[in-house]
Amino acid sequence: MGSFFLFFMVLGVFLGFIFGALFPSFSLSISFVGELFLRALKMVVLPLIVVSIAGAILNMETIDKFKRIGLRAILYYTTTTSLAVITGLVLVVLLKPGVGVPFSGNDFKPKEISFSLKELLVSLVPDNIFKALVNFDVLAVIVSTILFSLAVLSVEWRRELLLKQLITELDTSLMRLTSWIIKLAPVGICSLIASKVASLGGASALKPIFLSLSKYVLTVLAGLSFHALLTLPFLFFLFTRKNPYSLILKVKEALITAFATASSSATLPVTIAVSTAAGIKRQVANFTLPLGATINMDGTALYEAVAAVFLAQAYGMDLSLPQYLTIFLTATLAAIGAAGIPEAGLITMVLVLESVGIPIEGIGIILAVDWFLDRFRTAVNVLGDIIGAAIISASLEEK
Ligand code: ASP
């Protein structure tokens, strides 16, 4: 994200608040622009998830490689992502940044979800993949994508795999489409914020929004700092008995690049370069870092969980334990499905919100600070990838 674009994002946020506060009826009349932006985001979610997961698995080349390095990587990714989500959930429940924010519109009806672990397990495997796609059943879509991709890997093809090329091409094109949608973000943000502020009563709504947004930002930042400075270093020390902070210092260029670009993928060349220079085996780095840039996003997972609960609090929803569990699972999966590009977490956030029936219009308010939080969570995503590669590299050395 260039600094020019960043300027327009900030301008969009700023103008959104101004329009919403000063010209509420005009702001409501242009709310369809924001709706278009949200619909476009929803449009790319499922294809993006399928293609990025299938691509990551097919890039493993052989099932053996998948077993050797891939399984370790996936074990590490799921553990650290889960820890990140738990950190976020604990903080957002304790600090309650969304309580008292006047969000709920009159038309809002919380969705009743019946939930049991057995049902969840059964629903992981769709009996009809097309139905799963139509119903936006992300868990089922992800599981079938993983199973299918593993099947493709296990067949001994006698020629260059066309499917792999197809997926790479789809991936590139979807990334392009996503980047177009993201280009609309400043206008979409402006419209969403303006109509949200206007529907909340214009100028009088600004103070509580700003107050609660600052609490929301601080909650996300506290969670990210905890994860980056305590959880990940602790895991690194546990497995390698080396000083984690000296590794963090050695790879700081990657973290700064991540902060500057807000994109794990754009940072990847730097990530690989500094990691191998810091002593991580090249074979491990070349394989796990691209995989990690696609599917391992601790910062994004943490932020999605905090954002979802923040919005639920703001809408006055009382989340039940199964709903928290649903947020835990979908935030983890949404982070896996998010592309390593600016604001990708915002796209997959739709999944988390939909899973427990939080109105996705709530994203409008979060957008106001998202460009800012994106940078921090991307740096944490990249740090998670590097520490993972370092741990896997060390574990292979022991053999
Ligand atoms: N920008 C993040 C990344 O590239 C993804 C996100 O939006 O959370 O890692």
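Residues numbered from 1 in each chain as written. Predicted model: local features only at pLDDT ≥ 70, side-chain atom pairs only at ≥ 80, totals over all residues. Heavy atoms only, no water.

Going by what an unreviewed UniProt entry lists, the protein is known as Na+/H+-dicarboxylate symporter and is assigned to Thermovibrio guaymasensis. Taken from UniProt, the Subcellular location (unreviewed entry) comment for the protein reads in full: "Membrane". (UniProt positions renumbered as here; feature names shortened; annotations may be inferred.)

Enquirer: Quick question: what am I supposed to make of the overall build of the protein here?
Expert: Assigned secondary structure in the protein consists of 18 helices and zero strands. The C-alpha atoms of the protein give 21 Å as radius of gyration, which agrees with the globular expectation for 399 residues (21 Å, within 12%). Projecting the C-alpha coordinates of the protein onto the three principal axes gives extents of approximately 65 × 50 × 40 Å. The buried share of the protein, reckoned over its 399 residues, is 56%. As presented, the protein carries roughly 17800 Å² of accessible surface, and 69% of it is formed by carbon and sulfur atoms. (Helix = DSSP H or I, 4+ residues; strand = E, 2+ residues; numbered from the N terminus. Rg over C-alpha atoms; globule rule 2.2 N^0.38 Å. Buried < 20%, exposed > 50% of the residue type's maximum accessible area, 1.4 Å probe, protein only. Areas by Shrake-Rupley, 256 points an atom, 1.4 Å probe, with all protein chains shown as cover.)

Enquirer: How should the site of the ligand be read in this particular structure?
Expert: In the region of the ligand, 16 residues are neighbours, and Ser264, Thr300, Gly345, Asp374 and Arg377 sit closest. One nitrogen or oxygen atom from the main chain of Ala262 is found 2.9 Å from a nitrogen atom belonging to the ligand. Between an oxygen atom of the ligand and a main-chain N or O atom of Gly345, the distance comes to 2.6 Å. Burial of the ligand by the protein chains amounts to 100% of its free accessible area of 270 Å². A majority-of-atoms criterion places the ligand in the largest cavity. Counting residues per element, the ones that place at least two in the shell around the ligand are helix 17 (344-356) and helix 18 (363-397). In terms of residues, the shell around the ligand owes the most to one element, helix 18, which gives four residues. (Near = heavy atom within 4 Å. Polar contact = N/O pair within 3.5 Å; in protein donor to acceptor, adjacent residues only side chain to side chain. 1 Å grid on protein atoms, 1.4 Å probe; cavity = no way out; pocket = protein on both sides within 12 Å on 5 of 7 lines; lining within 4 Å. Sits in = over half its atoms within 2 Å of the grid points.)

Enquirer: How do you make sense of empty space enclosed by the protein when you look at a structure like this?
Expert: Over the atoms, a rolled probe matching the size of one water molecule traces out where space is still vacant. A full pass over the atoms with the stated rule returns two cavities of 30 Å³ or more. In this structure, the largest cavity spans a volume of roughly 60 Å³. Around the largest cavity sit 14 residues that line it, and Ala339, Ile341, Asp374, Thr378 and Asn381 are the ones nearest its centre. Here the lining of the largest cavity gets four residues from one element, more than from any other, and that element is helix 18. (Points joined across faces, edges and corners; volume = space filled by probe spheres on them.)

Enquirer: It is not clear to me how a nonpolar patch on the surface should be interpreted in this structure. Could you clarify?
Expert: Together, Phe4, Phe7, Phe8, Leu11, Phe14, Ile18, Leu22, Phe23 and Phe26 make up an exposed nonpolar region whose accessible area comes to about 910 Å². Looking at the nonpolar patch element by element, the count peaks at seven residues for helix 1 (residues 3-22). In this structure, Phe4 sits in helix 1. Given a relative accessible area of 62%, Phe4 falls into the exposed group. (Patch = residues over 30% accessible without salt bridge, like charges linked within 9 Å, V, L, I, M, F, W, Y side chains within 5 Å. Salt bridge = Lys/Arg side-chain N within 4 Å of Asp/Glu carboxyl O.)

Enquirer: What should I look at first to understand the packing of helix 13 (residues 264-277) against helix 14 (residues 282-295) in this one?
Expert: For any two helices packed against each other, one specifies the inter-axial angle together with the distance between the axes. Their axes nearest at 10 Å, the elements helix 13 and helix 14 cross at an angle of 160 degrees. Regarding the angle of helix 13 to helix 14, the classification is roughly antiparallel. Here helix 13 runs over helix 14; the crossing is right-handed. Counted together, Ser264, Leu268, Thr271, Ile272, Ser275 and Thr276 of helix 13 and Arg282, Ala285, Asn286, Leu289, Pro290 and Ala293 of helix 14 form the full contact between these two elements. A breakdown of the residues in the contact of helix 13 with helix 14 according to their chemical character gives six nonpolar, five polar and one charged. (Axes fitted to C-alpha atoms, helices over the stretch in contact; angles between N-to-C directions. Parallel < 35°, antiparallel > 145°, perpendicular 65-115°, else oblique. Left-handed = near helix turned anticlockwise from the far one by under 90°. Contact = heavy atoms within 4.5 Å. Nonpolar A, V, L, I, M, F, W, Y, C, P; charged D, E, K, R; others polar.)

Enquirer: Honestly, helix 9 (residues 185-199) in this entry has me stumped. Any pointers?
Expert: Each α-helix winds once per 3.6 residues, and so residues spaced three or four apart point in a common direction. Here helix 9 is 15 residues long and its end C-alpha atoms lie 20 Å apart, about the 21 Å a rise of 1.5 Å per residue gives. By the criterion of burial, helix 9 is predominantly enclosed, with 13 of the 15 residues buried. Immediately beyond the C-terminal end of helix 9, within one or two residues, lies Gly201, with a positive phi of roughly 115 degrees. (Expected span 1.5 Å × (residues − 1).)

Enquirer: Teacher, can you tell me more about the packing of aromatic side chains here?
Expert: How two aromatic rings sit relative to each other is set out by the distance from centre to centre and by the angle between their planes. Enumeration according to the criterion identifies six aromatic pairs in this entry. Judged by centre distance (6.1 Å) and plane angle (50 degrees), the ring pair of Phe19 and Phe23 falls under tilted. On the basis of relative accessible area, Phe19 is assigned to the partly exposed category, the value being 24%. Residues Phe259 and Phe376 carry aromatic rings whose centres are separated by 5.0 Å and whose planes lie at 80 degrees to one another, so their mutual orientation is edge-to-face. Separated by 117 residues along the polypeptide, Phe259 in helix 12 (residues 252-261) and Phe376 in helix 18 bring together distant segments of the chain. For Phe259, a relative accessible area of 34% corresponds to the partly exposed category. Grouped by ring-pair contacts, the aromatic residues Phe19, Phe23 and Phe26 constitute a single cluster. Positioned above the aromatic ring of Tyr303, the side-chain terminus of Arg377 is 3.8 Å from the ring centre. (Phe/Tyr/Trp six-rings, centres within 6.5 Å; stacked < 30°, edge-to-face > 60°. Lys NZ or Arg CZ within 6 Å of the ring centre and 35° of its normal.)

Enquirer: Help me understand the nonpolar core, please; the structure alone is not making it clear to me.
Expert: In summary, soluble globular proteins display a tendency toward joint burial of nonpolar side chains. By size, the foremost hydrophobic cluster in this structure holds 131 residues, and its most contacted members are Phe17, Leu213, Tyr216, Ile327 and Ile358. It is helix 18 that provides the largest number of residues to this core, a total of 19 residues. (Core = buried A, V, L, I, M, F, W, Y, C linked by side-chain atoms within 4.5 Å.)

Enquirer: Looking at this structure, I do not really get the confidence of the model for the protein. What am I missing?
Expert: Residues at a pLDDT of 70 or more form 93% of the protein, whose mean pLDDT is 84. Averaged over each element, pLDDT in the protein is lowest for helix 5 (residues 117-123) (68) and highest for helix 15 (residues 298-314) (95). The low-confidence segment residues 104-115 (pLDDT under 50) makes 19 contacts with residues lying over four places distant or belonging to another chain. (pLDDT = per-residue confidence, 0-100.)

Enquirer: Would you take a moment to explain the side chain of Ser395 for this structure?
Expert: With respect to the helices and strands, Ser395 occurs in helix 18. A distance of 2.9 Å separates a polar side-chain atom of Ser395 from the backbone oxygen of Ile392.

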